[in-house]
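# Descriptive structure summary
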Amino acid sequence: MIKQVFIPLLVAEQAIGEMLELYLQSQGPKADDIFSGLTGAGLEPGIVKAKQLLQEFRLSTGVSTIYCANSQPPITNPESAALGLLLISLIGRASCNYQRLIVSANITDGPDFPLTDTGYWPQKLAAVLALGWQEYQVPLILSTKTTLTPESIQQLKAVNIRPFQCGCVAEVLRL
């Protein structure tokens, strides 16, 4: 079974952002490093942060390898993918029921690793909405600092995406 994490990205001078798509198969060969399938994807700073968080929170990962389904557009802020990388490494575990997540939050250093807004929310919201109707409800992980209007919440609900605003990584892990 394929599990996915989508990370909305900024694309300069466009009204709709792009989606970085990460995936793994929950059954497959076990790699020494779950992130080895991302070599050359330009996500190294995010991978370093995700590995740090796995150690900090003493978390074990699934048994598969993570891959990037698309490598365009070039990622100008690869460390912003750290939360998505952390979460995809965890949804491969047998105990996790999530098949798909959308993540748009930055991680900063501090107690429980606070989350901050990634900026350019209208463009990223447009990218999320462009995914269309989701067969199963998909969690959208955001920082509490991301401004959600009643209209944007309704738009997300209309395509079966449920926003969760979290203040720190520890709070995300409790979902």
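I will try to describe carefully the structure that is included in this document. (Residues numbered from 1 in each chain as written. Predicted model: local features only at pLDDT ≥ 70, side-chain atom pairs only at ≥ 80, totals over all residues. Heavy atoms only, no water.)

## Focus on the overall build of the protein
Assigned secondary structure in the protein consists of five helices and eight strands. Listed N to C, the secondary structure of the protein is β-β-α-β-α-β-β-β-α-β-α-β-α in terms of helices and strands. For 175 residues, the compact-globule estimate of 2.2 N^0.38 gives 16 Å, and the protein sits close to it at 15 Å. Expressed along its principal axes, the backbone C-alpha trace of the protein runs to roughly 45 × 35 × 30 Å. (Helix = DSSP H or I, 4+ residues; strand = E, 2+ residues; numbered from the N terminus. Rg over C-alpha atoms; globule rule 2.2 N^0.38 Å.)

## Quick look at the environment of W121
Of note, W121 is situated in helix α3 (residues 121-129). Among the residues examined, W121 registers a relative accessible area of 9% and is labelled buried. For W121 and T146, which are 25 residues apart along the polypeptide, the C-alpha to C-alpha distance reads 7.4 Å. Apart from the residues lying within four places of it in its own chain, the contact partners of W121 are S104, L140, L142, T146, T147 and L148. (Buried < 20%, exposed > 50% of the residue type's maximum accessible area, 1.4 Å probe, protein only. Contact = heavy atoms within 4.5 Å.)

## Brief notes about the pairing of strand β7 (residues 138-143)
Of all six residues making up β7, six are buried, and the element is well covered by its neighbours. Alternating residues of β7 divide into V138, L140 and L142 and P139, I141 and S143, and every residue in both groups is buried. The pairing of strand β4 (residues 100-104) with β7 spans three bridges and is parallel. Residue pairing across strands places I102 opposite L140, the latter belonging to β7. Bridge analysis of β7 against strand β8 (residues 161-166) gives six bridges, and the strand direction is parallel. Bridge pairing links L140 to P163 in β8. For the handedness criterion, the β-α-β arrangement of β7, helix α4 (residues 150-158) and β8 is classed as right-handed. (Pairing = 2+ DSSP bridges. Right-handed = clockwise from strand over helix to strand, strands pointing away.)

## A look at the pattern of salt bridges
The final tally for this structure, using the stated rule, is two salt bridges. Taking the shortest distance from any N to any O, the salt bridge between K49 and D109 comes out at 2.4 Å. In this pair, K49 sits in helix α1 (residues 44-56) while D109 sits in the loop between β5 (106-107) and β6 (115-116), placing the two residues 60 residues apart along the sequence. (Salt bridge = Lys/Arg side-chain N within 4 Å of Asp/Glu carboxyl O.)

## Notes on the side chain of K124
Turning to its location among the elements, K124 is positioned in helix α3. One buried charged residue, K124, forms no salt bridge at all, with the nearest opposite charge on D117 at 6.7 Å. Setting aside residues up to four positions removed in sequence, K124 forms contacts with P8, L9, L10, S104, T118 and G119. (Lys, Arg positive; Asp, Glu negative; His and termini not counted.)

## Topic: unusual backbone geometry
Positive phi values are uncommon outside glycine, yet D112 reaches one of about 65°. Here D112 is to be found in the loop between β5 and β6. If you check the backbone angles, F113 has positive phi at about 55° while not being a glycine. Mapped onto the elements, F113 comes out in the loop between β5 and β6.

## Points about the nonpolar core
L22, F35, L38, L43, L83 and L85 are the most contacted members of the largest nonpolar core, which totals 39 residues. Those elements that place two or more of their residues in this core are β1 (2-9), β2 (18-25), α1, α2 (82-91), β4, β8 and α5 (169-174). In terms of residue count, α2 provides more of this core than any other element does, eight residues in total. The contact partners of L83, leaving out residues within four places of it in the chain, are V103, A105, I107, L115, I141, V169 and V172. Counting 14 residues, the second largest nonpolar core, distinct from the first, contains F6, V128, V138 and L140. (Core = buried A, V, L, I, M, F, W, Y, C linked by side-chain atoms within 4.5 Å.)

It is worth stressing that arrangement in space is one thing and function is another; only the former is reported here.
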